[in-house]
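Reading the structure
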Amino acid sequence: MAALLLTGGRVVDPANHLDAKADLLISEGKIAAISPDAAQQAPRDAERMDVSGRVVCPGLIDLHVHFREPGQTAKENIATGTAAALRGGFTSVVCMPNTAPAVDTAGTVALIRERAAREGRVNVFVAGTITKNIAGEELAPIGSLKRAGVVAITDDGHCVQNNELMRRALEYAKMFDLPVMDHCQDYSLVTDGVMHEGYWNVALGLHGWPAAGEEMIVARNILLAGLTGARVHCQHLSAAGSVQLIRDAKKQGVPVSAEACPHHFTLTDAAVAGGVRFWANDGKDLARFQDDPLPDWPAYDTNFKMNPPLRSAADREAILAGLADGTIEILCSDHAPHCDYEKEVEFDYAPFGITGLETGLALSLMQLYHSKRLGLSDLIAKYTVNPARLLKLNKGTLSVGADADVTVFDPDCEWTFERADTASKSANNPFFGWKLKGRAVATLVGGKKVWSEKSELVAA
C-alpha cells in the first residue's frame, strides 16, 4: 500500500490533546507520523494531498445507525448505508439489532459481519439484542453474542419494561464486559403518543408523548447501574429531566453515559406545526445560517416524526447545555431510513425516524462550534475518542501506529443539502433545502481514500 501524506491541515486529535497545524503521514494503513516536518519522512513515491485550511481528525464514529440488513433492505443496506456514512465523514459505525431477524444469535452477527466485510465501505461494528427477538421477555444469549463479536447490547427501537429482567441483563453484560445501550421509553406513560406532550400536540390534535416517559427509564437505568456496577448508556436523550438525572448520577460515580442526536438539539416540537411557526420563535437563532426565503415545510410533515420526539425549546437548550458541560459525552445520528411510501401517510401512522449520517457533522458544528458552545476539539471528541472508549474500540485516535481512519472536513463550508445529495436509499430527512455550515471533504479508511467531495466514491 502506497504511503499518503496530508499536508497543511489543522490536525485535531482529542485523544492525544493535539490541536496544531501539522502534516500527517500514513503508511501501510497506519498512522506513521504527525508533525510539521512529517513530509521529510515520506517516501518519494508517497501520494500527497493538500488539506490546507481544512481540519484533519480521527475518523468519526457513529455508534447508533440502522442499516436495515438483514430483512429490511428496501429501506437501506450495508452498501448504501456505508456510502452515506462516508459522505458524512464517518469511518466507523455501530449497527443496531432491530433487523429482521433481530440480531439475537451468533449466526445473524456472522451474517452482518460477512456482508459488511464484502460490501461495506467503512468499519461496521454490530450491536446485539438484550432480549430474544427484542420482545423484552427473555434474555438473549449474551455470552454467545459477545463471542460472535458484538460490541454492545441494546433493544433499540424497544425498551425492556421488566425491571428485574433488565437487572439480570446488566449483571450478565458486566460478566462479559459489554456496555448496555438503552432506548429509554416507559410504554405505560408514552402509550400511543406520536409527538412531544406540550402546547403543540394540543394545537395540532396529536397524541402527546410526555418527557416523563423517557425520564422514568433513565432514572431506572441509573439505579440499576449503581446496583450492578454495569455500564449503562442512555440512547438519544431528548428531555431536560433526563440530562439532569445523568448529570447528578455521574457526580455520584454511577457508571452511566448518554448520547444526543443533532435533530434533538436543532429542532423543536414547533417544527411539526410547519416551517413558518418554527422559524417564528424556536428557529430564530438558526435562521442566521439560512438564505432568504427560509426553508419551508407543511404542518404534519412526517419527516419530523422521530423516537424520542422533538421536544420543547427548553428541552433543546438542556440538551445543548448537557453537551457543553460534558454530561452528554457522545454525538450520534440514529440514522433511521424508511421508504417514501411509509412516510407518505397520516402523521399518526407514519414510522418514527429520519436519516442523519450526512447532516450530523454540519448540524453539530452549527449548534455547538459556530454557536460558541463548544470548542472544536471537544466537539470532535464526542464523535471519536468518547464512543471508542465506551465500546472499547481500537479507533478514535491519530496515535502513531493506530489504524489510519481519518476524516478531513471544512468547518466553514456553506452548502445546501438537497435530496440529490444523499447516498442513502431513503430520503426521510427534514433538512432538505437547509443551508448547512461545515462539511466532510475526504474520508480515509485504513489508509485508503475511499471518498472525497471531488471524486465521489473511490474504488476499493
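That block above? That's the structure.
This report concerns the structure included in the present document. All values reported here derive from a predicted model rather than from experimental measurement.

**Quick look at the overall build of the protein chain**
- Counting its regular elements, the protein chain contains 15 helices and 19 strands.
- Its C-alpha atoms give the protein chain principal-axis dimensions of roughly 65 × 55 × 45 Å.
- Out of the 460 residues belonging to the protein chain, those deemed buried represent 61%.
- Considering only contacts within the protein chain whose residues lie at least 6 apart along the sequence, 76% involve residues at least 24 apart.
- Per element, the accessible surface of the protein chain, about 16,900 Å² overall, is 50% carbon and sulfur.
- Looking at charge distribution, the protein chain has the averaged site of its 45 positive side-chain charges lying 5 Å from that of its 57 negative ones.

**What about the layout of surface pockets?**
- Approximately 340 Å³ is the volume found for the largest pocket.
- If you go around the largest pocket, you meet 18 residues; those closest to its centre are His 66, Arg 68, Asn 98, Gly 157 and Phe 352.
- Taken together, the residues that form the lining of the largest pocket break down as three nonpolar, eleven polar and four charged.
- Its volume calculated, the second largest pocket comes out at about 210 Å³.
- Taken together, 17 residues line the second largest pocket, and the ones lying closest to its centre are Asp 301, Asn 303, Ala 427, Asn 429 and Phe 432.
- Class assignment of the residues belonging to the lining of the second largest pocket gives a composition of seven nonpolar, four polar and six charged.

**Considering the pattern of salt bridges**
- Throughout the structure, instances matching the rule amount to 24 salt bridges.
- Through salt bridges with shared partners, one network takes in Lys 30, Lys 395, Asp 403 and Asp 405.

**Notes on empty space enclosed by the protein**
- Using the criterion set out here, one finds five cavities of 30 Å³ or more in the structure.
- Computed from the structure, the largest cavity encloses a volume of approximately 50 Å³.
- In terms of lining, the largest cavity is formed by Pro 58, Gly 59, Asn 394, Lys 395, Gly 396, Thr 397, Ala 402, Asp 403 and Asp 405.

**As for the packing of aromatic side chains**
- This model, assessed by the stated rule, comprises 13 aromatic pairs.
- Ring geometry for Trp 297 versus Trp 434: centroids 6.2 Å apart, planes at 20°, classification stacked. Taken together, the positions of Trp 297 in the loop between helix H10 (275-280) and helix H11 (313-324) and Trp 434 in the loop between strand E16 (406-416) and strand E17 (435-445) put the pair 137 residues apart, joining distant regions of the chain.
- The structure contains a cluster of three or more aromatic residues connected by ring pairs, namely Phe 278, Trp 279, Trp 297, Phe 304, Phe 431 and Trp 434.
- Sitting over the ring of Phe 352, Lys 305 keeps its end group 4.6 Å from the ring centre.
- If you follow Arg 439 out to its NZ or CZ, it ends over the ring of Trp 415, 4.0 Å from the centre.

Calculation rules
- In this numbering scheme, every chain counts its residues from 1 along its sequence in written order.
- The predicted nature of this model means local features are confined to residues of pLDDT at least 70 and side-chain atom pairs, given and counted, to a pLDDT of 80 or more, with totals for whole chains, interfaces and linings taken over all residues.
- The basis for every side-chain value is the complete set of heavy atoms in the structure, and neither hydrogens nor water enter the calculation.
- The secondary structure listing takes helices from DSSP runs of H or I that are at least 4 residues long and strands from runs of E that are at least 2 residues long, numbered from the N terminus.
- Accessibility here uses a 1.4 Å probe with only protein chains present; expressed as a share of the type maximum, an area under 20% marks a residue as buried, one over 50% as exposed, and anything in between as partly exposed.
- Should any heavy atoms of two residues lie within 4.5 Å, those residues are counted as being in contact.
- All accessibility values rest on the Shrake-Rupley procedure with a 1.4 Å probe; residue burial counts only the protein chains present in the view.
- The convention is simple: Lys and Arg are positive, Asp and Glu are negative, and His and the chain ends are not counted.
- Each charge is placed at NZ for Lys, CZ for Arg, CG for Asp and CD for Glu.
- Only protein atoms enter the 1 Å grid, on which a cavity is a set of points fitting a 1.4 Å probe that cannot get out and a pocket is an open set with protein on both sides within 12 Å along at least 5 of 7 lines, lining residues being those with an atom within 4 Å of a point.
- Grid points are joined across faces, edges and corners, and a volume is the space filled by probe spheres set on the points.
- Lys, Arg, Asp and Glu make up the charged group, whereas Ala, Val, Leu, Ile, Met, Phe, Trp, Tyr, Cys and Pro make up the nonpolar group; the residues left over, Gly among them, are polar.
- For this document, the term salt bridge refers to a Lys or Arg side-chain nitrogen within 4 Å of an Asp or Glu carboxyl oxygen.
- For Phe, Tyr and Trp, rings pair up if their centres lie within 6.5 Å, where Trp contributes its six-membered ring, and each pair is then called stacked (planes under 30 degrees apart), edge-to-face (over 60) or tilted (otherwise).
- Note on criteria: charge over ring means Lys NZ or Arg CZ within 6 Å of the ring centre, with the direction from the centre no more than 35 degrees off the ring normal.

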